[in-house]
Amino acid sequence: MSELKIAGLGKHFGKQRVLDNITLDVGQGSLLALLGPSGSGKTTLLRLLCGFERCDGGSIHIGGRLVSSPDVHLPPEHRHIGYVPQEGALFPHLSVADNIVFGLPRAERRQRHRVAELLEMVGLPASFAERAPQQLSGGQQQRVALARALAPKPALVLLDEPFSALDAALRGETRQAVAAALDASNTTALMVTHDQAEALTMGSQVAVLWQGRLLQVASPQTLYQRPASAALADFVGDAILLPGEAGNGEALCLLGRLPLLDDMPQGAVNVLLRPEQICLQPAGGSAPQAEVIDVSYYGHDASVRLMLADGSLLAARVPGHRSPQPGQRVSLSVEGAVACFAAPQQAQEASGGRGGLPAGATRLQHSPALFRHGS
Ligand code: ADP
Ligand code: MG
């Protein structure tokens, strides 16, 4: 069952259409990550869900009840929604326990029995109850904010970039604690983020919002492996796009003949590779050859810039302990099946060559050398 159902939702501010025909279902107990760049309309969508804004088209149902449409507007306090903002959510003059029970009816506020339970759920010791918020780290404060949002057992919890103010070390640990608490309480949640790694690690589904439109809603694996467009491929990770020719379940490109995922287009295509799919071996044999131009070493892995025989460049990602030396010659192979996109021929000719590729994506020039490798 869908706890949250958004259908054809639209919102304008003056002449600007900020949300366009948004349709989205979030199943009971699941977490949907709404991923979009700054200005794409994420906060506006959350404000519509909360009831702080009115929609001008479509509808929102929460727990089977219509809460928003052009004719219906249920006020925020009747929507049964918990909200976790970016930061600074806690009242500094109240203890942790008083913050947690803040949203409960007066009678329940006095019985503190749920405070320990909620603290445990978000992975904090019960002894934190009497602390002041200032005595907690940023990550701990965000967990208390979640405990407060969960206290009235809401139908839906909304989280607006809840980890963006935390430093990297706290972020990972806080993400895990929050995901575990939402899971343990079987709460339906929608989390907004502009961080693709966060969306992929936390969402059971990820919805990508772009200039007010939903481009794709899919599991993290599907979104990463089979993004709906080349631009999206680059937004949800690093993309290498190679011109090629697809048919019979394979694509022929600069890196050889590669197996395709199911249901891919045929004919002239751009083949999508992820940098970690490229494997480096000692030079030699019939595989495509390359020279290592430079290496960015990160410890656990390394990004390796390679120059192919025809002078084109691409970046591979290898485990840190296998990182090569600049100047080394290597041969390349590709691990796993790949996706591809129909090459936008006309667009390519009209725009003088970039063919709708996103900024930052690697485009290799078509060259006759292409068909000499790997077949
Ligand atoms: P995000 O949260 O993804 O960064 P927002 O929902 O805050 O995006 O904003 C989406 C667009 O709507 C932006 O262009 C922003 O300037 C505009 N916008 C947001 N709120 C208002 C408002 N109250 N009045 C006019 N324009 C707004
Ligand atoms: Mg925002």
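Below or above, wherever it landed, is the structure these notes cover. Worth saying up front: this structure is predicted, and the values here are computed from it rather than measured.

### Some words on the site of ligand 1
And step 1. Around ligand 1 lies a shell formed by Phe 13, Gln 16, Val 18, Pro 37, Ser 38, Gly 39, Ser 40, Gly 41, Lys 42, Thr 43 and Thr 44.
And step 2. In this structure, an oxygen atom belonging to ligand 1 sits 3.0 Å away from a side-chain N or O atom of Gln 16.
And step 3. Here Thr 43 contributes a side-chain N or O atom positioned 2.9 Å from an oxygen atom of ligand 1.
And step 4. Surface burial for ligand 1 is 58%, taken as the share of its 560 Å² of free accessible area covered by protein chains.
And step 5. For the shell around ligand 1, the secondary-structure elements that each account for two or more residues are β2 (16-27) and α1 (42-50).
And step 6. Residue contributions to the shell around ligand 1 peak at 3 residues, all from α1.

### Observations concerning the nonpolar core
And step 1. One finds Ile 100, Leu 146, Leu 159 and Leu 182 to be the most contacted residues of the largest nonpolar core, which totals 44 residues.
And step 2. A per-element tally of this core places helix α5 (residues 138-150) first, with 6 residues.
And step 3. With residues near it in sequence (within four places) discarded, Leu 146 still touches Val 84, Val 122, Val 157, Leu 159, Val 178, Ala 181 and Leu 182.
And step 4. Core analysis: the next-biggest nonpolar cluster, separate from the first, contains 35 residues, Ala 230, Met 264, Val 292 and Cys 340 among them.

### Observations concerning the pairing of strand β19 (residues 329-334)
And step 1. Relative to β19, strand β15 (residues 278-282) runs antiparallel, the two being bridged by 5 bridges. Across the sheet, the residue bridging to Gln 281 is Ser 331, located in β19.
And step 2. As defined by bridge partners, strand β16 (residues 289-297) adjoins β19 across 3 bridges and the pair is classed as antiparallel. By the bridge assignment for β19, Glu 291 is matched with Arg 329.

### With respect to the environment of Val 330
And step 1. One can find Val 330 in strand β19.
And step 2. Each C-alpha atom of the pair Val 330 and Gln 289 lies 5.8 Å from the other, and the pair is 41 residues apart in sequence.
And step 3. Look past the residues within four positions of Val 330 in its chain and what remains in contact with it is Leu 280, Gln 281, Pro 282, Ala 283, Pro 288, Gln 289, Ala 290, Val 292 and Leu 306.

### Brief notes about the pairing of strand β14 (residues 267-273)
And step 1. In terms of residue burial, β14 counts as a mostly covered element, since 5 of its 7 residues are buried.
And step 2. Relative to β14, strand β11 (residues 240-247) is paired through 7 bridges, and the arrangement is antiparallel. By the bridge assignment for β14, Leu 241 is matched with Leu 272.
And step 3. Where β14 and strand β20 (residues 339-342) come together, 4 bridges link them in antiparallel fashion. Among the inter-strand pairings, Asn 270 is bridged to a residue of β20, identified as Phe 341.

### Observations regarding the layout of surface pockets
And step 1. Size it by volume and the largest pocket reaches roughly 490 Å³.
And step 2. Ile 81, Gly 82, Tyr 83, Ala 149 and Pro 152 are, among the 17 residues lining the largest pocket, the residues nearest its centre.
And step 3. Among the secondary structure elements, those contributing two or more residues to the lining of the largest pocket are β6 (81-84) and α5.
And step 4. When its residues are assigned to classes, the lining of the largest pocket shows 12 nonpolar, 3 polar and 2 charged.

Rules used in this analysis
Residues numbered from 1 in each chain as written. Chains lettered and ligands numbered in written order. Predicted model: local features only at pLDDT ≥ 70, side-chain atom pairs only at ≥ 80, totals over all residues. Heavy atoms only, no water. Near = heavy atom within 4 Å. Polar contact = N/O pair within 3.5 Å; in protein donor to acceptor, adjacent residues only side chain to side chain. Areas by Shrake-Rupley, 256 points an atom, 1.4 Å probe, with all protein chains shown as cover. Helix = DSSP H or I, 4+ residues; strand = E, 2+ residues; numbered from the N terminus. Core = buried A, V, L, I, M, F, W, Y, C linked by side-chain atoms within 4.5 Å. Buried < 20%, exposed > 50% of the residue type's maximum accessible area, 1.4 Å probe, protein only. Contact = heavy atoms within 4.5 Å. Pairing = 2+ DSSP bridges. 1 Å grid on protein atoms, 1.4 Å probe; cavity = no way out; pocket = protein on both sides within 12 Å on 5 of 7 lines; lining within 4 Å. Points joined across faces, edges and corners; volume = space filled by probe spheres on them. Nonpolar A, V, L, I, M, F, W, Y, C, P; charged D, E, K, R; others polar.

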